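What follows is each chain in one-letter form.
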Amino acid sequence: MHTLMARKVIGIGETVLDIIFKDNKPVGAMPGGSVFNSIISLGRSGVKCAFISETGNDRVGRTILDCLKENGVDATSVYVYPDSKSPLSLAFLNEQNDAEYIFYKDHPNDRLEFTFPDIKPDDIVLFGSYYAVNPVIRPQVVGFLDYARQHGAILYYDVNFRASHKNEVLKLTSNILENLEYADIVRGSTEDFEVMFRKSDPDVIYRTQIAFYTKRFICTQGAKPVELRAENGLKKSYAVQTGGETVSTIGAGDNFNAGFVFGLIRYGITRQQIEQGLTEQQWDQLIGCAQLFSAEVCRSLNNSVSPEFGKRMAEKLSL
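This one's a predicted model, so the numbers in the text were calculated from it and none came from an experiment.

A. Up close: the sheet that holds strand β1 (residues 8-12). With mixed pairing, the 9 strands of this open sheet are ordered in space as β5-β4-β1-β8-β9-β10-β11-β12-β13. For this open sheet the edge positions go to β5 (73-81) and β13 (235-238), each flanked by a neighbour on one side alone. With direction set aside, neighbouring strand axes in the sheet form an average angle of 15°. In this sheet, strand β8 (residues 124-128) lies alongside β1 in parallel orientation, the contact comprising 4 bridges. When the bridges of β8 are listed, Val9 appears paired with Ile124. Across the face of the sheet, helix α4 (residues 169-182) comes into contact with β8, β9 (154-158) and β10 (185-189) while running at roughly 145° to β9. Lying over the sheet, helix α6 (residues 202-210) contacts β10, β11 (217-221), β12 (224-229) and β13, oriented at roughly 140° with respect to β11.

In structure tokens:
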């Protein structure tokens, strides 16, 4: 078996420049993207990481690559389009500091090219969002998921399906279901399932959409409790942990994922253990880590956990 510190996380997802607005005025700009945010947090927390993505050949693209490298993430599998601009995301915060998004993208001919990073048994692959279902790059994404599965990786899928893609649900359903089949663990929000399947009750979602493909499902519901459904009828609710004032919820879900994946490594949880069925105590530990990271990121306008928090987490890994 792979030693604790040698295990790594490979993320595959989009990169964007997030420009954040409050009262219609820009208040911040930083590199982002759902899986990107998770991977930066994991890199800051002492986890060995690699990232597969694409970006434009421009100042924003260089900022994104620099951000990965500065946080210890291997960026050799990020493909730079020679003639494209990097995508932008505008996030408008409301009174509750929840965000509404507008996306701008200039990759007319997505032809994602990357070399597969080395994957060992019990490494963890984090995938999700529109990137994981986009028909244009689907062959490359599926090729990578197959490769990861064959090499014994744990696959964690964050559905993260935004309302901006609502009109594409029918076209994308087969890709979504295929992702559920690849996944060892699935996380989605009630908003995602409302958009995709017009369902928002975690029990109904699990029974009708998830359980056939994978037995391990985490449903987040904003400020309402996190719901867990797993094999052997395990069903549990976890009250949301808040750590003081919520400044922005932009990275909350992404960092929930990062914390969960951090927990898999910290507690030495292997793919074999997941397949055999985790104990309630193991789930408690994993969701506890997920909530810790999520609460931390809501305390600032940043998309990822702070370097100071990351340093504290890295110390826990080396204990």
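B. Inspection of the nonpolar core at higher detail. Counting residues in each nonpolar core, the largest one holds 52 residues, and the members touching the most others are Val9, Leu42, Leu68, Ile218, Phe260 and Trp283. Sort the elements by how many residues they give to this core and helix α7 (residues 252-266) lands first, with 7 residues. Excluding its chain neighbours within four sequence positions, the residues that come into contact with Leu68 are Phe36, Ile40, Phe51, Val73, Ala75 and Val78.

C. Quick look at the side chain of Arg271. Counting through the fold element by element, Arg271 comes out in helix α8 (residues 271-276). Those residues within four positions of Arg271 in sequence are excluded, and the remaining contacts are Asp122, Arg149, Gly152, Ala153, Ile154 and Asp184.

D. Region of the structure containing helix α2 (residues 59-70). Here α2 spans 16 Å end to end across 12 residues, near enough to the 16 Å set by a 1.5 Å rise per residue. Turning to α2, its buried residues number three or more, namely Val60, Gly61, Ile64, Leu65, Cys67 and Leu68. Down the axis of α2, the buried side of the element spans an arc of 155°, and every buried residue falls inside it. Residues of α2 that are exposed and point over 90 degrees away from its buried face: Arg59, Lys69 and Glu70. On its buried face, α2 sits against β2 (16-22), β3 (25-32), α1 (34-44), β4 (48-56), β5 and β6 (85-93). Gly72 sits one or two positions beyond α2 and adopts a positive phi of about 75°.

So, how was this worked out
- Residues numbered from 1 in each chain as written.
- Predicted model: local features only at pLDDT ≥ 70, side-chain atom pairs only at ≥ 80, totals over all residues.
- Heavy atoms only, no water.
- Pairing = 2+ DSSP bridges.
- Helix = DSSP H or I, 4+ residues; strand = E, 2+ residues; numbered from the N terminus.
- Axes fitted to C-alpha atoms, helices over the stretch in contact; angles between N-to-C directions.
- Contact = heavy atoms within 4.5 Å.
- Core = buried A, V, L, I, M, F, W, Y, C linked by side-chain atoms within 4.5 Å.
- Buried < 20%, exposed > 50% of the residue type's maximum accessible area, 1.4 Å probe, protein only.
- Expected span 1.5 Å × (residues − 1).
- Arc of directions from axis to C-beta.

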